[in-house]
Amino acid sequence: MTKIDTLTVPPTDDEVDTWWAVQVSAHAADAATLPGVPVPTRVEAAGRLRVPPARGRFVHWAQADGEGHAALLLFTEEANTHTAFLDELTVRPDARRRGVGTALWERVRAELIDGGRTSVSTVADTGGPGQAFLEALGFVNVLPMAWYVQELGEDAPTGSTSASQATPDVPGYELLTWAGPVPDAWAPAAAVAHGAMEDAPSGDGDERFTSWTPERVHAAQRLVLDRGGKMLMVAAVTPAGEIAAYTALVLPDPDGPRALQYDTVVVPAHRGRGLGRAVKLRMRAEAAVRHPELRRIGTTVADENTPMLAVNEALGYRHERGAAVFQLML
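Residues numbered from 1 in each chain as written. Predicted model: local features only at pLDDT ≥ 70, side-chain atom pairs only at ≥ 80, totals over all residues. Heavy atoms only, no water.

In this fold, A287 is placed in helix α8 (residues 275–290). Owing to a relative accessible area of 0%, A287 belongs among the buried residues under this scheme. A C-alpha to C-alpha distance of 23 Å links A287 and A219, two positions 68 residues apart in sequence. Apart from residues lying up to four places away in sequence, A287 is in contact with L232, L249, P292 and L294. (Helix = DSSP H or I, 4+ residues; strand = E, 2+ residues; numbered from the N terminus. Buried < 20%, exposed > 50% of the residue type's maximum accessible area, 1.4 Å probe, protein only. Contact = heavy atoms within 4.5 Å.)

See the structure below:
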């Protein structure tokens, strides 16, 4: 019988090393069917294991012999105590098809049922073993999306859009750049702007949108730093003190070659003026100066988000691999 243990809180160095080793070995085995999936670094693994999330609490399980592990995020915000997010369920390649993944899932499911959760969701690449495992458990695809990447520096194609475009003028707006969390004076405006994400495609997911406050903005951004990462934010602001648009870039491991484009938001009243393109171009320029070792920016976009897909294509992003939000109703 497969023995599943709960990780120490916070996990020990040995537990982090074992967790990371499973991730690295799984990546190596799946690279042929899922090219482009980045290898997590130990900094990323340790940060996610040891620093509590801003929206809930994590439960981590590991197979006693280091053959696999699972991480479940239990939301604590009032609107979402009915649901949860399966952050990871990974099995070492040489231990697959031996019941390890099923045993881990049974522990996850028991936690969900005991906690009164009625649904759980996760994000997985399509076309790989993760999708097959989830569908066998009854998960369904509720939001098709894909990963897109933009090459930077020496890896940018010669003459490419991403390598040649400058930030356009945006009359009536000023572009500001912040390294780290948004300044206190701009946090209320950032919270209002983030509220524009409410109309972003969410498919048939059971998770409910919750209002953003300045405190929540800062908590989410501090989490990136506490986990060992760095972040940049570019905002288009008005003379009246509004944030009309913004984009955020996160480097989960500042020494790594890849960054993640987090939210790119344009407030409805300011759409149609090229602000999404402007903040992304300014971000690319800032990243090149501040992080010259950075080689690639990755981001996810829902298949139905045609405006953002058009912006990204114009900026030189290319499709890397398919993904989706999968959900199971319990």
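Moving on: the sheet that holds strand β7 (residues 174–179). Taking strand neighbours across the sheet as the criterion, the 12 strands line up as β1-β2-β3-β4-β5-β12-β6-β11-β10-β9-β8-β7 in an open arrangement whose pairing is mixed. The sheet is open, and its two borders are formed by β1 (4–6) and β7, each paired with just one other strand. On average, each strand axis in the sheet is tilted by 25° relative to the strand beside it, whichever way the strands run. Against the sheet, helix α9 (residues 306–314) engages β6 (140–151), β10 (258–266) and β11 (296–302), with an angle of about 155° to β11. (Pairing = 2+ DSSP bridges. Axes fitted to C-alpha atoms, helices over the stretch in contact; angles between N-to-C directions.)

Bringing the environment of A259 into the picture now. Tracing the chain through its elements places A259 in strand β10. The buried category is assigned to A259, whose relative accessible area is 0%. In this structure, the C-alpha to C-alpha distance between A259 and P292, residues 33 residues apart in sequence, is 12 Å. Contacts of A259, omitting those with residues within four sequence positions, involve L249, V250, L251, L294, R296, I297 and G298.

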